[in-house]
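One letter stands for each residue in the lines below.
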Amino acid sequence: MQSALSECVSRTVRRYLADIGDTECVEGLHALVIREVEGPLLREVLAFHEGNQSRAAAALGINRATLRKKLAAHGIS
């Protein structure tokens, strides 16, 4: 049985693939999904932890330096 998050991702990817048909995803589907998902994930986890980067990093399973690098890459402060 899939988790609710996994089901949501599956539905969205199926819909995306149906929408683009045979059109090639130039950057690659994996890179596209990671780029589209990572920013909102970081924003939501950081907001949930009221901006506390140490707690957000722990919740994400990454260290704070990695979180800060990812936040900068996504233009999130």
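Here, the structure is the one placed above.
About the criteria used
Residues numbered from 1 in each chain as written. Predicted model: local features only at pLDDT ≥ 70, side-chain atom pairs only at ≥ 80, totals over all residues. Heavy atoms only, no water. Polar contact = N/O pair within 3.5 Å; in protein donor to acceptor, adjacent residues only side chain to side chain. Helix = DSSP H or I, 4+ residues; strand = E, 2+ residues; numbered from the N terminus. Core = buried A, V, L, I, M, F, W, Y, C linked by side-chain atoms within 4.5 Å. Buried < 20%, exposed > 50% of the residue type's maximum accessible area, 1.4 Å probe, protein only. Contact = heavy atoms within 4.5 Å. Axes fitted to C-alpha atoms, helices over the stretch in contact; angles between N-to-C directions. Parallel < 35°, antiparallel > 145°, perpendicular 65-115°, else oblique. Left-handed = near helix turned anticlockwise from the far one by under 90°. Nonpolar A, V, L, I, M, F, W, Y, C, P; charged D, E, K, R; others polar.

A.B. asks: Explain helix H3 (residues 53-60) to me, please; I cannot follow it from the model alone.
C.D. replies: Working note: α-helix, 3.6 residues per turn, so residues spaced by three or four point in the same direction. The opening residue of H3 is Asn52, an N-cap whose side-chain oxygen sits 3.0 Å from the backbone nitrogen of Ser54. Downstream of H3 by one or two residues, Gly61 has phi in the positive range, about 80 degrees.

A.B. asks: It is not clear to me how the nonpolar core should be interpreted in this structure. Could you clarify?
C.D. replies: One broad rule of soluble globular proteins: the nonpolar side chains tend to lie buried together. Formed by Leu42, Val45, Leu46, Ala56, Ala57, Leu67, Leu71 and Ile76, the largest nonpolar core amounts to eight residues. Sorting the residues of this core by element identifies helix H2 (29-48), H3 and helix H4 (64-73) as the ones contributing at least two each. No other element matches the three residues that H2 contributes to this core. Here Leu46 is in contact with Gly51, Asn52, Gln53, Ala56, Leu71 and Ser77, once residues within four sequence places are set aside.

A.B. asks: For this particular structure, what's the right way to read unusual backbone geometry?
C.D. replies: Glycine aside, residues mostly have negative phi angles, and peptide bonds mostly take the trans form. The phi dihedral of Glu50 falls on the positive side, at around 50 degrees, and the residue is not glycine. Assignment of secondary structure puts Glu50 in the loop between H2 and H3. By relative accessible area, Glu50 is classed as exposed at 74%.

A.B. asks: Which parts of the structure should I look at to understand the environment of Gly39?
C.D. replies: Of note, Gly39 is situated in helix H2. Sequence-wise, Gly39 and Leu17 are 22 residues apart; in three dimensions their C-alpha atoms are separated by 21 Å. If we skip the residues at most four places from it in the chain, Gly39 touches His74 and Ile76.

A.B. asks: What exactly am I supposed to notice about the packing of H2 against H4 here?
C.D. replies: Packed helix pairs are characterised by how far apart their axes lie and by the angle those axes make with each other. Remark: H2 packs on H4, axes separated minimally by 10 Å, with the N-to-C direction vectors making an angle of 120 degrees. Here H4 runs oblique to H2, going by the angle between their axes. The two elements H2 and H4 meet at a crossing, and its hand is left-handed. Contact residues: H2 offers Glu38, Leu42 and Leu46, while H4 offers Leu67, Lys70 and Leu71. Across the contact of H2 with H4, the residue classes break down as four nonpolar, no polar and two charged.

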